[in-house]
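Notes for the structure review
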Amino acid sequence: MSETEAETQAQMDEGDRLARHLAQTLDATLHDQPRLIFLGRSLALNLVRAFLPTVEHVSQRGGTPLHALLDLDERGRAVVQTVTADGELNAVLPVDDLLRDLLFVRGVLNPVVRGHLQDGVSGDEHHATRALVACLKSRPVLDAMGRQIGVWMGKRSLRR
């Protein structure tokens, strides 16, 4: 398995963990399990893939350029890392922590996020995709992303 394939698989694993949490949180039945897996994996992949270039763009414009990348930790779990312009490791954040920071408030799904995801459980696949996009573009997710990037722009030590 190539490094890129391993990183994608690690993200899918995080999505599966998120899907299991959604199964316990949302009003869903065993019949909804494939949809929950779709939502969990889609959130994990899309949020990380949106987060990496956003960190770079915002930090560049903010005068503290950071390079963001996806890597695997010693246990093979996905982590997001930022590196300064001079190559110094700035921060490391496990993807599961990033997903928690972007989707949850004090351990509970943000109510707006929950509404979109609950909507995504019902209806056809096209309906689920629209609900997923609405979740990804929602103000709470975008605000949480901005807060996380702001923390990293002022950060010079690792978060583990």
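Preceding this section is the structure that the text describes.
From a predicted model like this one, the values you see are computed outputs, not experimental measurements. The numbers attached to residues start from 1 for each chain and follow its sequence in the written order. Only residues with pLDDT of at least 70 get local features here, since the model is predicted, and only at 80 or more are side-chain atom pairs given and counted; chain-wide, interface and lining totals rely on the full set of residues. To get the side-chain values, take all heavy atoms of the structure and skip hydrogens and water.

Another aspect to go through is the overall build of the protein. Numbered from the N terminus, helices here are DSSP runs of H or I no shorter than four residues, and strands are runs of E no shorter than two. A tally of helices and strands in the protein yields six helices and five strands. Taken from the N to the C terminus, the helices and strands of the protein come in the order α-α-β-β-β-α-β-β-α-α-α. Our radius of gyration looks at C-alpha atoms and nothing else; its globule reference is 2.2 Å times the residue count to the power 0.38. Against the compact-globule benchmark of 15 Å for 160 residues, the protein has a radius of gyration of 16 Å, which places it among compact chains. With the principal axes as the frame, the protein shows a C-alpha extent of 50 × 35 × 25 Å. Each residue is assigned to one of three classes by its accessible area relative to the maximum for its type, calculated with a 1.4 Å probe on protein chains only: buried under 20%, partly exposed between the two thresholds, exposed over 50%. Each of the 160 residues in the protein was classed as buried or not, and the buried ones make up 44%. By sequence separation, contacts in the protein at least 24 residues apart represent 61% of the contacts at least 6 residues apart. Using a 1.4 Å probe, accessible areas were evaluated by the Shrake-Rupley method; residue-level cover was limited to the displayed protein chains. Split by element, the accessible area of the protein, about 8400 Å² in all, is 53% carbon and sulfur. Here, two residues are considered to be in contact whenever any of their heavy atoms come within 4.5 Å of each other.

Salt bridge, as used here, is a side-chain nitrogen of Lys or Arg placed within 4 Å of a carboxyl oxygen of Asp or Glu. The full count for this structure, using the stated rule, is eight salt bridges. Measuring nitrogen to oxygen at the nearest pair gives 3.2 Å for the salt bridge that ties Glu14 to Arg77. Placement of Glu14 in helix α1 (residues 3–25) and of Arg77 in the loop between β1 (66–72) and β2 (78–84) is noted, with a sequence separation of 63 residues between them. Judged by relative accessible area, which is 2%, Glu14 ranks as buried. Notably, a salt bridge pairs Asp97 with Arg100, separated by 3.1 Å at the nearest N-O pair. Of this pair, Asp97 and Arg100 both sit in helix α3 (residues 95–103), three residues apart, which is roughly one turn of that helix. By relative accessible area, which is 36% here, Arg100 ends up partly exposed.

This part covers the pairing of strand β3 (residues 89–94). Most of β3 sits inside the fold, with five of its six residues counted as buried. Pairing between strands requires that DSSP locate at least two bridges from one strand to the other. Between β2 and the antiparallel strand that follows it, β3, lie four residues; Gly87 among them carries a positive phi value of about 90°.

Moving on, we come to the nonpolar core. In a soluble, globular protein the nonpolar side chains are often hidden away together inside. Formed by 39 residues in total, the largest nonpolar core has its most connected members in Leu43, Leu47, Val80, Leu103 and Leu117. Broken down by element, the residue count for this core peaks at nine residues, all from helix α2 (residues 33–61). Residues grouped as a nonpolar core are buried Ala, Val, Leu, Ile, Met, Phe, Trp, Tyr and Cys residues, joined through side-chain atoms within 4.5 Å.

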